[in-house]
Amino acid sequence: MATGAVAALAAAGPATAEESVHNDYKGRVTAKSGLLLRDKPTRSSRVIGMARYGSIVHIFCKTRGGSVDGNNRWYLLSDGTWAWGSALYIDNIGPSPRWC
């Protein structure tokens, strides 16, 4: 799915609170200095936030993007602001997120 389509899907968000619970993937931030959150799944995109080390984040889906130390997976996070975080710095809690 193209990044623009992912953004449109993310902007729509889950249809109901019940849907949100059933599509809820979680992860723990492992970046010691915090994880920079971006507007696209690339290191060169604009930074729009930060997640602290050890914090739990909610993951909407995963996609392939720019490589970070050999890992090209990125997670679309749904914590308030829709933002992308490199999967290299997020350990899954429970099942691996679905593909976008």
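Use the structure listed above.
Quick notes on the rules
Residues numbered from 1 in each chain as written. Predicted model: local features only at pLDDT ≥ 70, side-chain atom pairs only at ≥ 80, totals over all residues. Heavy atoms only, no water. Helix = DSSP H or I, 4+ residues; strand = E, 2+ residues; numbered from the N terminus. Buried < 20%, exposed > 50% of the residue type's maximum accessible area, 1.4 Å probe, protein only. Contact = heavy atoms within 4.5 Å. Salt bridge = Lys/Arg side-chain N within 4 Å of Asp/Glu carboxyl O.

*Asks:* Hey, could you go over the environment of Arg 46 for me, with residue numbers and the actual values?
*Replies:* Here Arg 46 shows up in the loop between β2 (35–38) and β3 (47–51). Among the residues examined, Arg 46 registers a relative accessible area of 56% and is labelled exposed. Sequence separation between Arg 46 and Leu 36 is ten residues, and the spatial gap between their C-alpha atoms is 9.6 Å. Apart from the residues lying within four places of it in its own chain, the contact partners of Arg 46 are Leu 37, Arg 38 and Asp 39.

*Asks:* Which residues make up the environment of Gly 80, and what values do they have?
*Replies:* One can find Gly 80 in the loop between β5 (71–77) and β6 (83–86). Along the sequence, Gly 80 and His 58 sit 22 residues apart, while their C-alpha atoms lie 9.6 Å from each other.

*Asks:* Before we move on, could you go through unusual backbone geometry and cite the residues and values that matter?
*Replies:* Not every positive phi belongs to a glycine, and Asp 69 is a case in point at roughly 50°. Within the fold, Asp 69 resides in the loop between β4 (56–68) and β5. Residue classification places Asp 69 among the exposed positions, given a relative accessible area of 64%.

*Asks:* Would you mind going over the pattern of salt bridges in detail, with residue names and values included?
*Replies:* Within the structure shown, the criterion is met by one salt bridge. Close ionic contact of Arg 46 with Asp 39 constitutes a salt bridge, the shortest N to O distance being 3.6 Å.

Geometry only, nothing functional implied.
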